[in-house]
Amino acid sequence: MKVEEVIGLLAVVFIFGLIGAAMLPEDMWEDHSRTPGMGGVLQGVIGIAPTGSSSRVASPLQGVAVAAVTPQPNTNVDQKVPRTTIAQPGLIPFSRAPLVRFAGTIQQITELQQRDGQIHLWVTDNVTGNEHEVSVAPSWYLKYMNCTLLHDMDISGVGFQFDKKKGSSIIYAKKIKIKNQPCHLRNDEGFALWSNRLR
């Protein structure tokens, strides 16, 4: 080997040595024997100052020692555990509105453009004589579904009562039946089916 080749080889080894030394943590060569156990090794390797040291070590990495938890196998696969929802402060837990059945004769049909733009019915129960206000749907949707409503017509159906405080609150019809023809108006959560008209 020539002298020039030896000098070039030594220069390359020296440069790689400098790069390797620059990548090592600053406190790698300090004495960590005062901090026993794995915590001392972790502190020295990732740049956290050992316990009792007054110097602060700046490091982009920080770590926390965590014990691994092994999940226990489920011995009873068929058993279903009910899912519980924990209410967060300031939030009201979601509860599905109760379904209410109604049946009777239509006494009044009104389209409330100023309020919600939907057809509202006042239905008198033929058995009890009680009157219920039923929010049905916009008139264009009823025409599209071929659901014709007339005064003194018998009607039945199910709907949602979202306001539980009032006994005479509005029933939002999920499905109505006119002359044995069903008209589906809302889904199981109470959302209007006509809201998808542009899709």
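(A) Looking closely at the nonpolar core. Ranked by internal contacts, the top residues of the largest apolar core, which has 22 residues, are Leu121, Leu149, Ile176 and Leu185. Element by element, the count of residues in this core is highest for strand 5 (residues 171–178), at 4 residues. If we skip the residues at most four places from it in the chain, leucine 185 touches Val136, Ala137, Tyr141, Leu142, Ala173, Lys174, Ile176, Phe191, Ala192, Leu193 and Trp194.

(B) Up close: the confidence of the model for the protein. Looking at the protein as a whole, its pLDDT mean stands at 75, while 61% of the residues score no less than 70. The element-level mean pLDDT for the protein is lowest in helix 2 (residues 38–46), coming to 48, with strand 4 (residues 154–160) highest at 92. Confidence over residues 35–47 falls short of pLDDT 50; this stretch has 20 contacts with residues more than four positions distant or in other chains.

(C) How the structure looks around the pattern of salt bridges. Throughout the structure, instances matching the rule amount to 1 salt bridge. The partner of lysine 174 in a salt bridge is aspartate 188, and the shortest N-O contact between them spans 2.7 Å. Taken together, the residues span a long stretch of sequence, with lysine 174 in strand 5 and aspartate 188 in the segment after strand 6 (181–184) at a distance of 14 residues.

(D) Just the packing of aromatic side chains, in detail. Summed over the entire model, instances satisfying the criterion amount to 3 aromatic pairs. Geometrically, the ring pair formed by tryptophan 140 and tyrosine 141 is edge-to-face, given 5.9 Å between the ring centres and 85 degrees between the ring planes. Between the aromatic rings of tyrosine 141 and tryptophan 194, the centroid separation amounts to 5.5 Å while the plane-to-plane angle is 50 degrees, which identifies the pairing as tilted. Pair noted here: tyrosine 141 is in helix 3 (residues 139–144) and tryptophan 194 is in the segment after strand 6, with a separation of 53 residues, a long-range link. Residue class for tyrosine 141 comes out buried when judged on its relative accessible area of 7%. Residue classification places tryptophan 194 among the buried positions, given a relative accessible area of 11%. Among the aromatic side chains, those forming a connected cluster through ring pairs are Trp140, Tyr141, Tyr144 and Trp194.

(E) View of the environment of glutamine 118. Within the secondary structure layout, glutamine 118 lies in strand 2 (residues 118–124). For glutamine 118, a relative accessible area of 11% puts it in the buried group. The sequence separation of glutamine 118 and serine 135 amounts to 17 residues, and the corresponding C-alpha distance is 6.8 Å. In contact with glutamine 118, other than residues within four places in its own chain, are Thr110, Glu111, Leu112, Ser135, Val136, Ala137, Pro138, Arg186 and Trp194. Here serine 135 takes part through its side chain, which lies 2.6 Å from a polar atom of the side chain of glutamine 118.

(F) Structural view of the state of the cysteines. Applying the stated criterion across every chain yields a total of 1 disulfide. A sulfur-sulfur separation of 1.7 Å characterises the disulfide bridge that pairs cysteine 147 with cysteine 183. Residues cysteine 147 and cysteine 183 are joined through a disulfide that is left-handed, its torsion about the S-S bond being -115 degrees. Residue cysteine 147 is located in the loop between helix 3 and strand 4, and its partner cysteine 183 is located in strand 6; the two are separated by 36 residues in the primary sequence.

What counts as what
Residues numbered from 1 in each chain as written. Predicted model: local features only at pLDDT ≥ 70, side-chain atom pairs only at ≥ 80, totals over all residues. Heavy atoms only, no water. Core = buried A, V, L, I, M, F, W, Y, C linked by side-chain atoms within 4.5 Å. Buried < 20%, exposed > 50% of the residue type's maximum accessible area, 1.4 Å probe, protein only. Helix = DSSP H or I, 4+ residues; strand = E, 2+ residues; numbered from the N terminus. Contact = heavy atoms within 4.5 Å. pLDDT = per-residue confidence, 0-100. Salt bridge = Lys/Arg side-chain N within 4 Å of Asp/Glu carboxyl O. Phe/Tyr/Trp six-rings, centres within 6.5 Å; stacked < 30°, edge-to-face > 60°. Polar contact = N/O pair within 3.5 Å; in protein donor to acceptor, adjacent residues only side chain to side chain. Disulfide = S-S within 2.5 Å.

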